[in-house]
Amino acid sequence: MANINFKEVTLIVSVVTACYWNSLFCGFVFDDVSAILDNKDLHPSTPLKTLFQNDFWGTPMSEERSHKSYRPLTVLTFRLNYLFSELKPVSYHLLNLIFHAFVTVIFLKVCKLFLDNRSSMIASLLFAVHPVHTEAVTGVVGRAELLSSIFFLAAFLSYTKSKGPNNSIVWAPIILTVFLVAVATLCKEQGITVVGICCVYEVFIAQGYTLPVLCSTARHFLRGKTGIPFSMMQTLIKLIVLMFSTLLLVVIRVQVIQSQLPVFTRFDNPAAVSPTPTRQLTFNYLLPVNAWLLLNPSELCCDWTMGTIPLIESFLDIRNLATFSFFCLLGVLGVFSLLYPGDSSKTVLMALCLMALPFIPASNLFFPVGFVVAERVLYVPSMGFCILVAHGWQKISNKSVFKKLSWACLSVMIFTHALKTLHRNWDWESEYTLFMSALKVNKNNAKLWNNVGHALENEKNFERALKYFLQATRVQPDDIGAHMNVGRTYKNLNKTKEAEESYMMAKSLMPQIIPGKKYAARIAPNHLNVYINLANLIRANESRLEEADQLYRQAISMRPDFKQAYISRGELLLKMNKPLKAKEAYLKALELDSNNADLWYNLAIVHIELKEPNEALKNFNHALELNPKHKLALFNSAILMQESGEVKLRPEARKRLLSYISEEPQDANGYFNLGMLAMDDKKDADAEAWMKRAIKLQADFRSALFNLALLYSQTAKELMALPVLDELLKYYPDHIKGLILKGDILMNQKKDIFGAKKCFEKILELDPGNVQGNHNLCVVYFEEKDLLKAERCLIETLALAPHEEYIQRHLNIVRDKISSSSFAEQPIFPTYETLSKGHKIPTKNGKEVRSEPKPTQTIKANSDKSPSTPNRQLEKNTDEIPQKTTQEIKDIEKKRVAALKRLEEIERILNGE
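None of these values were measured; they are calculated from a predicted model. (Residues numbered from 1 in each chain as written. Predicted model: local features only at pLDDT ≥ 70, side-chain atom pairs only at ≥ 80, totals over all residues. Heavy atoms only, no water.)

Counting secondary structure elements, the protein chain contains 40 helices and 0 strands. For the protein chain, with 913 residues in total, the buried portion stands at 53%. (Helix = DSSP H or I, 4+ residues; strand = E, 2+ residues; numbered from the N terminus. Buried < 20%, exposed > 50% of the residue type's maximum accessible area, 1.4 Å probe, protein only.)

In terms of nonpolar packing, the biggest core is built from 238 residues, with F107 and F156 touching the most fellow members. Among the elements that take part in this core, helix α9 (residues 194-206) stands out by supplying 11 residues, more than any other. In this structure F156 touches V110, L113, F114, V194, I197, C198, Y201 and M350, once residues within four positions along its chain are discounted. Of all hydrophobic cores here, the second largest spans 12 residues; its members include A35, I36, V75 and Y92. (Core = buried A, V, L, I, M, F, W, Y, C linked by side-chain atoms within 4.5 Å. Contact = heavy atoms within 4.5 Å.)

Now for the packing of aromatic side chains. Taken as a whole, this structure holds 19 aromatic pairs when the rule is applied. With a centroid separation of 6.1 Å and 85° between ring planes, the pair formed by W21 and F25 is classed as edge-to-face. With a centroid separation of 5.6 Å and 45° between ring planes, the pair formed by Y601 and F620 is classed as tilted. Taken together, the positions of Y601 in helix α26 (residues 597-609) and F620 in helix α27 (residues 613-626) put the pair 19 residues apart, joining distant regions of the chain. Across the pair, F620 and Y601 agree in class, each one buried. Within the aromatic cluster, the residues linked to one another by ring pairs are W21, F25 and W426. One residue, R702, lies across the ring of Y732, its end atom 5.5 Å from the ring centre. (Phe/Tyr/Trp six-rings, centres within 6.5 Å; stacked < 30°, edge-to-face > 60°. Lys NZ or Arg CZ within 6 Å of the ring centre and 35° of its normal.)

Before going further, it helps to examine the packing of helix α34 (residues 736-748) against helix α35 (residues 753-766). For the pair α34 and α35, the least separation of the axes is 8 Å and the interaxial angle reads 160°. The angle between α34 and α35 places the two elements in the roughly antiparallel class. Considering only the axes of α34 and α35, their crossing is left-handed. Packed against α34, whose contacting residues are I736, L739, I740, K742, G743, D744, L746 and M747, the element α35 presents I753, G755, A756, C759, F760, K762, I763 and L766 at the interface. (Axes fitted to C-alpha atoms, helices over the stretch in contact; angles between N-to-C directions. Parallel < 35°, antiparallel > 145°, perpendicular 65-115°, else oblique. Left-handed = near helix turned anticlockwise from the far one by under 90°.)

One pass over the full model with this rule turns up 1 disulfide. Across the disulfide, C778 is cross-linked to C793 (sulfur-sulfur distance 2.0 Å). Measuring the twist about the S-S bond at about -85°, one finds the C778-C793 disulfide to be left-handed. One end of the pair, C778, is in helix α36 (residues 771-783); the other, C793, is in helix α37 (residues 787-800), with 15 residues separating them in the sequence. Just so you know, C386 is unpaired, no disulfide at all, and the nearest cysteine sulfur is the one on C111, 7.8 Å from it. A relative accessible area of 0% means that C386 is categorised as buried. (Disulfide = S-S within 2.5 Å.)

This paragraph deals with the pattern of salt bridges. Counted by the stated rule, this structure contains 30 salt bridges. Close ionic contact of D549 with R569 constitutes a salt bridge, the shortest N to O distance being 2.5 Å. One end of the pair, D549, is in helix α23 (residues 545-558); the other, R569, is in helix α24 (residues 563-575), and 20 residues separate them in sequence. For R569, a relative accessible area of 17% translates into the label buried. (Salt bridge = Lys/Arg side-chain N within 4 Å of Asp/Glu carboxyl O.)

Taking 1.5 Å as the rise per residue, α35 with 14 residues should run 20 Å; its terminal C-alpha atoms sit 20 Å apart, in good agreement. Within α35, burial applies to G755, A756, K757, C759, F760, I763 and L764. (Expected span 1.5 Å × (residues − 1).)

The interhelical angle for the contact between helix α29 (residues 650-663) and helix α30 (residues 668-680), taken along N-to-C directions, is 160°, at an axis separation of 9 Å. If you check the angle between α29 and α30, you find them roughly antiparallel. The handedness of the crossing between α29 and α30 is left-handed. For the pair α29 and α30, contact is made by R650, A653, R654, L657, L658, Y660 and I661 and by G670, Y671, N673, L674, L677 and D680, respectively. Residue composition of the contact of α29 with α30, grouped by class: 8 nonpolar, 2 polar and 3 charged. (Nonpolar A, V, L, I, M, F, W, Y, C, P; charged D, E, K, R; others polar.)

On the surface, W171, I175, M233, L236, I237 and I240 cluster together into a nonpolar patch covering about 540 Å² of accessible area. Mapped onto the fold, I175 is located in helix α8 (residues 171-187). Overall, I175 belongs to the exposed group, its relative accessible area being 58%. (Patch = residues over 30% accessible without salt bridge, like charges linked within 9 Å, V, L, I, M, F, W, Y side chains within 5 Å. Areas by Shrake-Rupley, 256 points an atom, 1.4 Å probe, with all protein chains shown as cover.)

On to unusual backbone geometry, then. Residue P277 follows T276 across a cis peptide bond; omega there is 0°. Secondary-structure assignment places P277 in the loop between α11 (230-256) and α12 (278-295). The phi dihedral of K460 is positive, around 65°, even though this residue is not glycine. With respect to the element layout, K460 can be found in the loop between α18 (446-458) and α19 (462-475). A positive phi angle is found at K751, which is not glycine, with a value near 55°. Overall, the relative accessible area of 60% leaves K751 in the exposed class.

In this section: the environment of M350. Looking at where M350 falls in the secondary structure, it is placed in helix α14 (residues 343-356). Judged by relative accessible area, which is 1%, M350 ranks as buried. A C-alpha to C-alpha distance of 7.8 Å links M350 and V200, two positions 150 residues apart in sequence. Those residues in contact with M350 that sit more than four places away from it in its chain are F114, F156, I197, V200, Y201 and I205.

Glancing now at α24. Under the 1.5 Å per step criterion, the end-to-end length of α24 is 19 Å for 13 residues, consistent within 8% with the ideal 18 Å. Taken across its 13 residues, α24 has 11 buried, putting it largely inside the fold. Restricting attention to buried positions, one finds in α24 the residues K563, A565, Y566, I567, S568, R569, G570, E571, L572, L573 and L574. For α24, the secondary structure elements touched by its buried residues are α22 (529-538), α23, α25 (579-592) and α26. In the segment just after α24, N577 is the residue with positive phi, at about 60°.

Note that T46 resides in the loop between α2 (31-37) and α3 (72-85). Overall, T46 belongs to the buried group, its relative accessible area being 13%. Not counting residues up to four positions away in its chain, the partners in contact with T46 are K40, D41 and R79.

We now examine the confidence of the model for the protein chain. A residue-level look at the protein chain finds 86% of positions with pLDDT of 70 or above and a mean pLDDT of 84. Predicted confidence for residues 821-886 stays below pLDDT 50, and this span has 181 contacts to residues more than four positions away or in other chains. Counted against residues more than four places away or in other chains, residues 895-913, with its pLDDT under 50, gives 19 contacts. (pLDDT = per-residue confidence, 0-100.)

Turning to the environment of A597, a few remarks are in order. Mapping A597 onto the fold places it in helix α26. It is 4.3 Å that separates the C-alpha atoms of A597 and A623, two residues lying 26 residues apart in sequence. Discounting residues that sit within four places of it in the chain, A597 has contacts with A623, L626, N627 and H630.

In structure tokens form, the structure reads like this:
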């Protein structure tokens, strides 16, 4: 085995870097969204063991909707990327580039087993620049191919060292091979196929057998003429060990997927559900299609599903000639490599094995796969193709007449391939560029039209997105997903009627229930979202809530493990004021996914509706155990602690609010509630600072403006409160408490009776029955010395609140004043402070805690496309009065007693005592 030198490694790394440097500027596209952006297994908060329980996309292997792609080691590398750079794509693409360079270097070492140094280098360079690899290298999810290939080649190289002197068995390399095969399989399933390559290598390369020799030996053995040769016995032992190990890995793999194959639809792989002979003719035709992509990668496409390759439904289809020609060529090469001894036949045989065996899992021969053609699965088979090309070039260039021509053709091929790869990388820059490039190759794939629509939808360009979604329905009229996309876009454009029609069309395309046949196995799990989307649409109409509930229940009856249906139904039941049933729905969802922090959060909201704050707090805490950065749980649990009135909970509430604002630094609500906590703790300076930060972020923050003004009023800074109140009333001119507080300050601090009068009159315009406003206006009349008007005003106010003793008492004072003959000589009047004592804006009771009163809401399941980030918070009524502490009650009582004493003194003066 020839070694590789530093110059060769440097050349390979340089070429790979030159071809793929621009991939570093690409984002997360296509399958990257599900595997990276939406995959919680990447987050450090997710237990590491979960990686070995979920599939490649983060779905539990036990769930039927799982794709059953078990690649925990690949996901582990994604998690390491996330640890260093979270969701910045450049580090993910950089690691893919490094892995591709590493694979190419190892491939060079493998090539040197069968080719000379020059041909090996050519094969490696062709492999490094081949455009068909862009999906595996530039697409982040292609890392599964890269990692699997590293251990695939390492396992093969290890096995080549298993032959000792005199054909003895060296067990250490075999044990290492089995281990590396297992690791390769944990990166991607095709890794296990290296065992077949090791077997072929052992028989035809290491032992040097040809097919005639094997047949002759077998005939002699069966006739009893000779026994099994020692070398062949050693070979059999090694093959038995390899096959037994492979069988063990297969059994373990079957146990991991729980003996269930993934659910694919006819849209993913139309031939898989087609009858004979259409299925066989189409699957066989796909082999030359893949071979053509290796030979001529001029038209590459990220998605070959649906109508990309029309089905071959007849033996008379001219495309069958391509299939026939491909198998003839394959047969000729196979016969040559198996019948004739020599280095050339060995090289061709290993090249054919590298092309064919790793492709078997994607060939649909043993089980259907979820695609028609996928360029990424050609990553390993292309190694055999490159060896075959390099070997053919070697044979041609050895003839002097073709030497210059062969070098010219080779140089042009490598150079054009490199340029094509460099250009193709830019297609992966964004989802829009990727799918638009795919539409240039194939316009008969509805999925591509849908995906361009999704890319435009993500940019909020709904009008253009709708055009692509509608085109998808024209290309594939029975595509349920396309009609769902149209419905969602109409909804985003506020065209409710059209949205409902589109959802109804999608619903009508759902297969009908067949007695005795499992329903869920015949449809794509995400197609059931049509029921969720339609229900979410019609529930906006209060008269159709029962109809929406029926749709949720229908989805659940079709698929009892449909978690999103339980979540959406739970929210609807809360809206229908059925919290107990909502609780049942969320508990059922938790049975399916007990590690879902959002579900624990929603259950906490239900307990709030049930007036069970302690249980709610427990569930909030459970959500935070699963996800310490769960923003809504942090915020609302802090509010719940604050509302409890327990002083010992305030430090934890403050800690959680600080965590919340670190996650949501632009949300004014976090700063406002920190200010409210500071007010509770009598930390006036802190409260003022937090309130100001809230107002800075949201200038019209109603509650923050009022409570800042109230804070100034409480701390003898009444004049500082006036500009804040003016700002409040600019945005909310009907804010009654703000008007009362402003009138109070104008009357008592600025002695502006006219200004105060305007405030109280405004209150009565808004709410004629407001007792406090009526009473304070009566005081204004008294200050203006209009005693008769003050009397009438107090009589009307007393009619509104006949049980308020202070109004009756003040009325008596006014009447005594009117009847007093000494009125003119004694300008002593009850002040505003006296008459309204106890009924001004309470310095504690007037707190507001939110800007707009809304009903409590849960985290919704966004089934239209993909789950959205939770963004709803617990809302609290602006007029809610927090509980007073014992000290506050004592202070208020002292003030009340002092007011009564002052009132008695005034009464004695007025009575001439």
